[in-house]
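The chain contents come next:
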Amino acid sequence: MILGLIIILILVLTLPFLVKPVEHNLEPFLFFMGLLATIVAGVLRKELVVEILENHLLYMITLAVLLAGILFKILQKRVKGAINGILKFLPLKVFLALIIILLGLLSSIITAIIASLVLVEIINNLPLDRRNKIRLDIIACFSIGLGAALTPIGEPLSTIATSKLDVDFWYLMREIGDLIIPGIVALGLLETYLLRTQGRSETLVAEQEEETYAGVIIRALKVFLFVLALELLGAGFKPVIDTYIIPLDSRLLYWINIISAILDNATLAAAEISPKMTSTQIEAILMGLLISGGMLIPGNIPNIVSAGRLKITSREWAALGVPLGLIILTIYYLIIFVL
């Protein structure tokens, strides 16, 4: 079983970068790998299928993507006009920094999925070339992934962590807010440093490929399949996580949680977090999971939503997401365990 799951893990990590058809059909590929993982682990039973299909988050996320997609489709011209108007009075660098910071902070209230949908529509209407749009999206998804963990309604990971620890609504804000909020601000400032524009186009909204209603529906269905895939992957790898990962020291667990770049971080949080842990251990687990989720497209729902809409490939995401994630992980490791 262990060997089979290791092979599946390697395939999930490598095939999207090596095989074009897999890269362009990431959701069905991950679904197939998740299904295979549950078979190899021997956990594919009727009870598991029922449990996954009865998970209300599966339908809420899909419905949010569908309704927001339709809304933004209807309001597309107004969104474009609003951004064009803002950029006449606000420098582009300042606007991008504010978007990253505000969406990161607001994601804990409006949820990560809504924040990512707003992000995609803003990016689509910005006067930026493809390279700048990709970088902006990845940095913003790191910000959203971090910020959504500040309250239980932001994302499934924070909901599960709050429930398992049996704490109040603002516990995560108190526990990791002093780590996350400066990180979000730093990501906004990083974007202003890295932005390279080509002159006058800063005040004009770039032309974009208009999304059809069929495209909106297909995107929602892909998200549905993606969430199913994460549930299956989490269930398939759970026996290994329970046996070999949970007993590890928190310093090592911090780095091991890089696997949340391809596995559902909520599943990992549910397996790893315990009320018996110290504050430092909880910080280490949560920060390791949250940061790693931004490194690859499968790591977080905002990643898959924005990558699909902006047509960002796995290689393009990893080219920035992996090194940026490793740098952020290193900084936070020093803050949590050394300083």
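Residues numbered from 1 in each chain as written. Predicted model: local features only at pLDDT ≥ 70, side-chain atom pairs only at ≥ 80, totals over all residues. Heavy atoms only, no water.

## Digging into the nonpolar core
At step 1: Formed by 111 residues in total, the largest nonpolar core has its most connected members in L126, I180, Y254, M287 and I291.
At step 2: At 14 residues, the largest contribution of residues to this core is made by helix α12 (residues 213-245).
At step 3: If we ignore the near neighbours within four places in the chain, the residues touching I180 are L146, G147, A149, L150, M287, L290 and Y332. (Core = buried A, V, L, I, M, F, W, Y, C linked by side-chain atoms within 4.5 Å. Buried < 20%, exposed > 50% of the residue type's maximum accessible area, 1.4 Å probe, protein only. Helix = DSSP H or I, 4+ residues; strand = E, 2+ residues; numbered from the N terminus. Contact = heavy atoms within 4.5 Å.)

## Observations concerning unusual backbone geometry
At step 1: For D166, which is not glycine, the phi dihedral falls at a positive 55°.
At step 2: Its place among the elements puts D166 in the loop between α10 (156-165) and α11 (171-194).
At step 3: Non-glycine residue K311 carries a positive phi angle of around 55°.
At step 4: Note that K311 resides in the loop between α16 (301-310) and α17 (314-338).

## A word on the packing of α10 against helix α14 (residues 265-272)
At step 1: For the pair α10 and α14, interaxial distance at closest approach is 8 Å and the crossing angle is 15°. The angle between α10 and α14 places the two elements in the roughly parallel class. The way α10 lies across α14 gives a crossing that is right-handed. Here α10 contributes P156, L157, I160 and K164 to the contact with α14, which in turn contributes N265, A266, A269 and A270.
At step 2: Its residues assigned to classes, the contact of α10 with α14 comprises six nonpolar, one polar and one charged. (Axes fitted to C-alpha atoms, helices over the stretch in contact; angles between N-to-C directions. Parallel < 35°, antiparallel > 145°, perpendicular 65-115°, else oblique. Left-handed = near helix turned anticlockwise from the far one by under 90°. Nonpolar A, V, L, I, M, F, W, Y, C, P; charged D, E, K, R; others polar.)

## So, the pattern of salt bridges
At step 1: Scanning all chains against the criterion turns up seven salt bridges.
At step 2: Where E121 meets R309, a salt bridge forms, and the shortest distance between an N and an O atom there is 3.8 Å. With E121 in helix α8 (residues 112-124) and R309 in helix α16, this pair connects stretches of sequence that are 188 residues apart.
At step 3: Overall, the relative accessible area of 8% leaves R309 in the buried class.
At step 4: Here R130 and E316 are joined by a salt bridge, their closest N and O atoms 2.6 Å apart. Of this pair, R130 sits in helix α9 (residues 130-147) while E316 sits in helix α17, and the two are 186 residues apart along the sequence.
At step 5: Relative accessible area serves as the criterion here: at 38%, R130 is assigned to the partly exposed category.
At step 6: With a relative accessible area of 27%, E316 lands in the partly exposed category. (Salt bridge = Lys/Arg side-chain N within 4 Å of Asp/Glu carboxyl O.)

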